[in-house]
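Each chain, written out:
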Amino acid sequence: MPRQRLPRRGVRQSGSRRPGRLLHSGSFMDAREERTALEKKWQARWVADRAAFVDTHDPSSKGTYLLVMLPYPSGDRLHVGHARTYFLTDALHRYLKQRGETVFCPMGWDAFGLPAENFAIQRGIPPRESTLANIAAMKEQFDGWGVLYDWTKEVTTCEPEYYRWNQWLFLRMVEKGLAYRKKGTVNWCPSCLTVLANEQAEGGTCERCKSPVEQRELEQWFLKITEYAESLLAGLDQLGKWSEKVRAMQRNWIGRSVGADLDFDVPKLGEKLRVFTTRPDTVFGATAMILAPEHPAVPRLLEGHPERAALEEWVKGVRSQDRLQREAEGAEKDGRFTGAYAVNPFSGEEMPIWMANFVLAEYGTGAIMAVPGHDVRDHEFATKYGIPIREVILRPEGADASVACWTGEGTMTASGPYDGMSSEAGREAIAAEAAKRGIGGARVRYRLRDWLISRQRYWGTPIPMVKCPACGWVPVPDDQLPVLLPKDAPFTGKGGNPLEKVEAFLKTSCPRCGGDARRETDTMDTFVDSSWYYLRYLDPANDEAPFDPAVIARWAPVTQYVGGIEHAILHLLYARFFARVMKDLGLVSFEEPFAALFNQGMITRMSPGGRIEKMSKSRGNAVSLDPLIAAKGADAVRAYVLFLGPPESDAEWTDEQIAGPERFLYRVVAFVEAYLRSHGTAPLVPRSPDSPAARKRHIAVRTLTHDFDAFSFHTAVAHLMEFSHHVAGLVGDAEADPGETRASVLTLLALLHPIAPHLTEELHERMGETRSLLVSGWPTFDPALAVEESVTIAIQVSGKLRGQAVLPRGATREEALAAAEGLEAVAKWLEGKERVKVVFVPDRLLNVVVK
RNA sequence: GCCGGAGUGGCGGAAUGGCAGACGCAGGGGCCUUAAAAGCCCCAGGCCUGUAAGGGUCGUGAGGGUUCGAAUCCCUCCUCCGGCACCA
């Protein structure tokens with residue numbers, strides 16, 4: 001929009017009517033009931049018109065796949081804090097439809113999960129019953145917001161029609177060795193009574209309930225996400241339409257490290273123990289080997305030790321600590337000498353083998369070589385326990401000599417044949433030598449761990465495996481899917497998973513030998529459900545396959561995904577993993593499920609305690625949507641939520657500020673009604689294609705097109721307010737060209753439609769237009785007309801603003817200079833000065849530099 | 001510690017090398033009204049100066065740099081938010 005102000009004239013000011021009530025009596029905005037009835041009318045119309053329906057099976061169908069993360073059907077009513085992602089997506093949906101695109105925008109329910117099960121324990125209402133009731137309630141809320149979804153594609157993940165394909169995909173992964181059972185140290189949430197994936201125990205606390213997680217030794221089902229670590233990392237570079245923030249978070253989480261594996265001979269065991277190090281160049285400085293207390297060699301190393309019992313007690317103590325304690329910042333390093341020794345394969349020296357709490361069993365080999373001279377953690381440990389500290393890297397000149405432990409690069413020394421080599425070159429040389437001697441070699445490792453998907457809970461997808469006393473774990477054959485979740489499980493909240501008490505479920509026969517066998521009673525992590533749901537939307541009724549690959553080839557991957565940042569690692573990483581697995585299974589042809597990702601910011605609000613924090617029911621700062629929409633109208637609430645600020649940033653909700661967008665919409669209704677009273681519904685055409693008003697109209701179209709393309713909904717509302725002031729002026733101006741006025745009104749309604757769909761449709765209809773705004777097209781602009789005829793350029797003298805000149809568009813440097821010299825305010829700064837140069841930016845600025 | 005993002009009026013924010021503060025909230029003045037509410041119009045970053053119109057000057061976390069010109073680009077630093085973190 002132009003920088004200078006548009007005339008701020010309301011409909012009353014320039015008209016002859018006396019100022020008074022803004023709205024003509026009888027306006028539909030007057031009565032709440034009437035306005036609500038009109039909202040219902042248009043919501044019903046969009047349903048009747050099948051406005052959001054897309055025939056994905058039509059072989060010629062193609063278009064934009066716009067997706068919002070599927071919600072969990074909670075029993076609480078959705079509040080303002082939830083609404084932003086849906087309003088934003090709907091504005092985009094409508095804009096794209098107006099542009100003439102075919103847009104597929106479905107909705108569904110992430111319906112499995114703990115709250116429904118806990119509700120069953122507390123209130124005795126079966127999970128399926130409460131979940132379906134919650135879905136019905138949420139759907140009703142969506143209907144009242146005027147958001148468009150293709151409900152014919154609705155997916156509910158707790159229904160067997162959906163979860164049987166979780167089971168089917170799991171079985172394919174079993175076949176590929178990507179799903180496997182492993183005993184290991186796992187995260188246990190004592191409050192949720194289940195194990196958790198590493199991603200759900202970030203920072204040592206349960207992602208759902210925030211309880212500190214405990215470590216337990218259990219045998220569980222895992223998915224081999226680590227197999228794809230490199231691909232998941234490399235793929236991030238291609239995701240240019242994802243925020244750098246999310247990509248950085250995933251990179252951190254995957255945690256790639258380049259280094260080397262090295263084998264150290266352990267005479268006592270008669271075998272080698274392998275360590276992983278990122279600094280093989282410091283191997284001559286290794287003065288100890290340190291094992292995680294969980295390392296499998298520990299019991300054998302302790303054999304025959306005089307204080308074996310005490311040492312084993314110490315190991316037990318470390319292992320029983322929860323992760324929060326053990327990994328806390330500044331946690332005391334604690335270790336014990338095993339009494340055994342290892343031989344450094346490069347220096348040939350004997351080094352003591354220690355155990356220590358800071359060495360993690362799950363990372364690398366669970367064993368390290370300690371180089372106290374060049375690693376701060378080893379340095380701290382060695383200082384505490386009197387382990388020798390040896391420097392084998394000479395610091396570069398000018399390096400800070402006061403640093404006790406140099407961890408940077410340098411020149412190798414006291415390293416035998418490698419002396420004088422740079423540390424960078426030494427890393428490669430040592431790794432290569434290790435490979436040559438068959439004792440390790442260069443190695444890349446990742447922080448990422450395999451995805452633990454077993455859950456000791458009822459309300460999830462049953463894992464389709466059978467434990468046979470004779471055959472071991474046997475997959476359920478495809479033709480016996482789905483393994484149905486029994487409806488009659490006893491919910492006591494005690495004694496573990498209710499499935500264990502359902503005999504009819506538990507008892508089965510072995511698919512292989514036919515003997516008596518037991519079903520797996522663990523269910524799948526609900527993140528499995530959301531890892532591929534976006535494909536099921538495209539073909540939700542398919543009962544022969546999870547989806548038809550031909551449909552997927554036309555419509556996937558998702559063009560634009562919208563959701564909160566809280567899934568930056570969890571859901572988004574799992575879905576990227578699943579896409580890769582499905583590609584390897586030949587089901588899809590892409591690796592990245594979501595071509596573009598938009599993360600909307602949270603809505604915050606002042607809590608009763610005076611803090612501004614995320615809006616939520618539990619913090620007591622939630623604003624209920626239902627009464628707000630009843631009072632202000634869905635359009636006003638939408639407009640305000642979108643006006644709050646940049647959609648990617650957090651935005652503070654204040655109850656007062658809704659007044660601005662609300663007044664804006666009232667004014668639009670008022671001047672359109674005024675137009676109808678003065679001009680009626682007759683179709684009229686502008687007299688001149690390039691009048692100043694026509695130019696303003698073209699400018700508005702250009703500006704709003706740009707705003708919506710850029711997801712800049714808050715500036716879109718601001719620019720619509722500006723344009724509406726202008727249109728109000730036209731409506732109230734008896735001299736204005738009626739054809740241009742009508743064109744401007746209709747343009748405003750079309751541009752405003754994505755924000756305020758109900759009232760724009762209603763006014764558009766009252767203007768005599770018969771087709772819905774959704775199908776009547778987005779206004780177009782002519783770039784040649786989307787500019788003002790005359791421009792105000794800034795006149796600077798030596799870079800300081802001294803005046804302004806109004807010039808015809810395209811005025812030359814000479815014309816601008818002449819105009820500048822004619823301004824007294826400018827002339828006085830030029831007088832008696834020598835001109836050094838003149839900078840001229842056409843249509844913007846003239847800068848005369850003087851000395 | 002490492003990685004990512006952000007600091008602009010009383011407030012939300014706009015401007016991505018070219019008139020800082022668009023649009024709105026709250027505020028002040030006016031109109032309308034018996035009055036109020038609602039609505040409409042106008043004003044509105046700080047300081048200095050002037051009876052006024054106006055003029056001057058400073059100003060986008062701090063300091064420096066590049067440029068005719070910097071909120072915007074570069075360097076150093078500070079603060080805040082988010083992620084990872086005893087990951088060898």
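Thresholds, definitions, all that
- The numbering scheme is per chain: residues are counted from 1 as the chain's sequence reads.
- Following the order in which they are written, the chains are lettered starting with A and the ligands numbered starting with 1.
- Reporting in this predicted model follows two pLDDT cut-offs: at least 70 for local features of residues, and 80 or more for side-chain atom pairs to be given and counted; totals over whole chains, interfaces and linings ignore these cut-offs and use all residues.
- The basis for the side-chain values is all heavy atoms of the structure; hydrogens and waters are excluded.
- Put simply, DSSP marks the helices as runs of H or I at least four residues long and the strands as runs of E at least two long, and each gets a number from the N terminus on.
- Burial classes follow relative accessibility: with a 1.4 Å probe on protein chains only, a residue under 20% of its type's maximum area counts as buried, one over 50% as exposed, and anything between as partly exposed.
- In this description, contact between two residues means that some pair of their heavy atoms is separated by no more than 4.5 Å.
- In this tally, Lys and Arg are treated as positive and Asp and Glu as negative; His is ignored, and so are the chain termini.
- The atom standing in for a charge is NZ when the residue is Lys, CZ when it is Arg, CG when it is Asp and CD when it is Glu.
- Pairing between strands is defined by DSSP: at least two bridges between the two strands are required.
- Orientation is described by axes fitted as lines to C-alpha atoms, over the contacting stretch for helices, and by angles from 0 to 180 degrees between their N-to-C directions.
- Here a salt bridge means any side-chain nitrogen of Lys or Arg lying within 4 Å of a carboxyl oxygen belonging to Asp or Glu.
- Lining residues are those with an atom within 4 Å of a point, where the points come from a 1 Å grid over the protein atoms alone and group into cavities, where a 1.4 Å probe fits but cannot get out, or pockets, open sets with protein on both sides within 12 Å along at least five of seven lines.
- Grid points are joined across faces, edges and corners, and a volume is the space filled by probe spheres set on the points.
- Note that Gly is not counted as nonpolar here; it falls among the polar residues with everything else outside the nonpolar set of Ala, Val, Leu, Ile, Met, Phe, Trp, Tyr, Cys and Pro and the charged set of Asp, Glu, Lys and Arg.
- A helix's residues, less one, multiplied by 1.5 Å, set its expected span.
- For this purpose, a residue is taken to be near a molecule or strand whenever a single non-hydrogen atom of the residue falls within 4 Å of it.
- The term polar contact refers here to a pair of N or O atoms within 3.5 Å; inside protein, the definition further demands a hydrogen-donor-capable atom paired with an acceptor-capable atom, and it admits residues adjacent in sequence only when both atoms are side-chain atoms.
- When two rings of Phe, Tyr or Trp (its six-membered ring) have centres within 6.5 Å they constitute a pair, described as stacked for plane angles under 30 degrees, edge-to-face for angles over 60, and tilted for the intermediate range.
- We count a charge as sitting over a ring when the NZ of a lysine or the CZ of an arginine lies within 6 Å of the ring centre and within 35 degrees of the ring normal.

### Things to note about the overall build of chain A
For step 1, the next point in the chain: Counting its regular elements, chain A contains 25 helices and 32 strands.
For step 2, the next point in the chain: Principal-axis analysis of the C-alpha atoms gives chain A an extent of 105 × 85 × 55 Å.
For step 3, the next point in the chain: When each of the 851 residues of chain A is scored for burial, the buried share is 53%.
For step 4, the next point in the chain: In chain A, the proportion of contacts linking residues at least 24 apart, taken out of those at least 6 apart, comes to 71%.
For step 5, the next point in the chain: Across chain A, the 105 positively charged side chains and the 110 negatively charged ones have centroids separated by 3 Å.

### Details of the sheet that holds strand β21 (residues 507–509)
For step 1, the next point in the chain: Read from one edge of the open sheet, 4 strands run β20-β19-β22-β21, paired in antiparallel fashion. Each having just a single partner strand, β20 (472–475) and β21 make up the two edges of the open sheet. Sheet twist, expressed as the mean angle between neighbouring strand axes with direction ignored, is 45°.
For step 2, the next point in the chain: Bridging between strand β19 (residues 465–468) and strand β22 (residues 516–519) involves 2 bridges; their strand directions are antiparallel. Its bridge partner being in β22, K467 is matched across the sheet by R518.

### Re the pattern of salt bridges
For step 1, the next point in the chain: The final tally for this structure, using the stated rule, is 54 salt bridges.
For step 2, the next point in the chain: Note that D150 and K153 form a salt bridge whose closest N and O atoms lie 2.8 Å from each other.
For step 3, the next point in the chain: Accessibility expressed as a relative area gives 2% for D150, which makes it buried.
For step 4, the next point in the chain: By relative accessible area, which is 6% here, K153 ends up buried.

### A short note on the sheet that holds strand β25 (residues 597–599)
For step 1, the next point in the chain: Taken in spatial order, the 4 strands make up an open sheet running β2-β1-β24-β25, and their pairing is parallel. Strand pairing shows two members of the sheet lacking a second neighbour, β2 (103–104) and β25, which therefore form its edges.
For step 2, the next point in the chain: With 3 bridges connecting them, strand β1 (residues 64–68) and strand β24 (residues 560–563) associate as parallel partners. What sits directly across from L67, in β24, is Y561.

### Regarding the layout of surface pockets
For step 1, the next point in the chain: As a volume, the second largest pocket reaches approximately 1100 Å³.
For step 2, the next point in the chain: Considering the residues around the second largest pocket, the lining is formed by 43 residues, among which N198, E362, Y363, R447 and R449 are closest to the centre.
For step 3, the next point in the chain: Secondary-structure elements contributing two or more residues to the lining of the second largest pocket are β5 (179–189), β7 (214–223), α10 (323–326) and β16 (440–446).
For step 4, the next point in the chain: The dominant element in the lining of the second largest pocket, judged by the number of residues it contributes, is β5, at 7 residues.
For step 5, the next point in the chain: In terms of residue class, the lining of the second largest pocket is built from 17 nonpolar, 12 polar and 14 charged.

### Observations regarding the pairing of strand β26 (residues 603–606)
For step 1, the next point in the chain: Where β26 and strand β28 (residues 651–652) come together, 2 bridges link them in parallel fashion. Within β28, the position partnered with T604 by the bridge is E652.
For step 2, the next point in the chain: The pairing of β26 with strand β27 (residues 612–614) spans 3 bridges and is antiparallel. The partner of R605 across the bridge, within β27, is E613.
For step 3, the next point in the chain: Counting the residues that bridge the hairpin from β26 to β27 gives 5 residues, and of these G610 lies at a positive phi of roughly 95°.

### Brief notes about helix α2 (residues 80–98)
For step 1, the next point in the chain: With 19 residues, α2 should cover 27 Å at 1.5 Å per step; its first-to-last C-alpha distance of 26 Å lies within 8% of that length.
For step 2, the next point in the chain: With its phi angle positive at about 95°, G100 sits one or two positions after the end of α2.

### Some words on the protein's contact with RNA strand B
For step 1, the next point in the chain: Neighbouring RNA strand B are 65 residues, the closest being E202, T278, K333, R377 and Q804.
For step 2, the next point in the chain: Taken together, the sugar and phosphate atoms account for 66% of what RNA strand B places within 4 Å of the protein.
For step 3, the next point in the chain: The separation between a base nitrogen of RNA strand B and a polar main-chain atom of E332 is 3.5 Å.
For step 4, the next point in the chain: Considered class by class, the residues forming the surface near RNA strand B number 23 nonpolar, 16 polar and 26 charged.

### Comments concerning the packing of aromatic side chains
For step 1, the next point in the chain: Under the counting rule described, the total for this entry stands at 48 aromatic pairs.
For step 2, the next point in the chain: Ring centres of F112 and W459 lie 4.9 Å apart, and the angle between their planes is 80°; on these two criteria the pair is classed as edge-to-face. You can see F112 sitting in the loop between β3 (108–109) and α3 (114–123) and its partner W459 sitting in the loop between β18 (454–455) and β19, a full 347 residues away along the chain. Residue F112 shares its accessibility class with W459, and that shared class is buried.
For step 3, the next point in the chain: Taken together, a centroid distance of 5.4 Å and an interplanar angle of 75° make the contact between Y533 and Y537 edge-to-face. The two residues Y533 and Y537 agree in class, both being buried.
For step 4, the next point in the chain: Three or more aromatic residues joined by ring pairs form one cluster here, namely Y86, F87, W109, F142, W145, Y149 and W151.
For step 5, the next point in the chain: Lying across the ring of W151, K139 places its NZ or CZ 4.9 Å from the centre.

### Brief notes about unusual backbone geometry
For step 1, the next point in the chain: The omega angle of the peptide bond from L481 to P482 is 0°, so this bond is cis rather than trans.
For step 2, the next point in the chain: Within the element layout of this structure, P482 appears in the loop between β20 and α13 (503–506).
For step 3, the next point in the chain: Note the cis peptide between A556 and P557, where omega equals 0°.
For step 4, the next point in the chain: Structurally, the position occupied by P557 is in the loop between α15 (549–555) and β24.
For step 5, the next point in the chain: Phi is positive for K210, which is not a glycine, with a value near 70°.
For step 6, the next point in the chain: Along the chain, the position of K210 falls in the loop between β6 (194–196) and β7.
For step 7, the next point in the chain: Look at K210 and you get exposed, because its relative accessible area is 58%.
For step 8, the next point in the chain: In this structure, D843 is a non-glycine residue whose phi angle is positive, near 65°.

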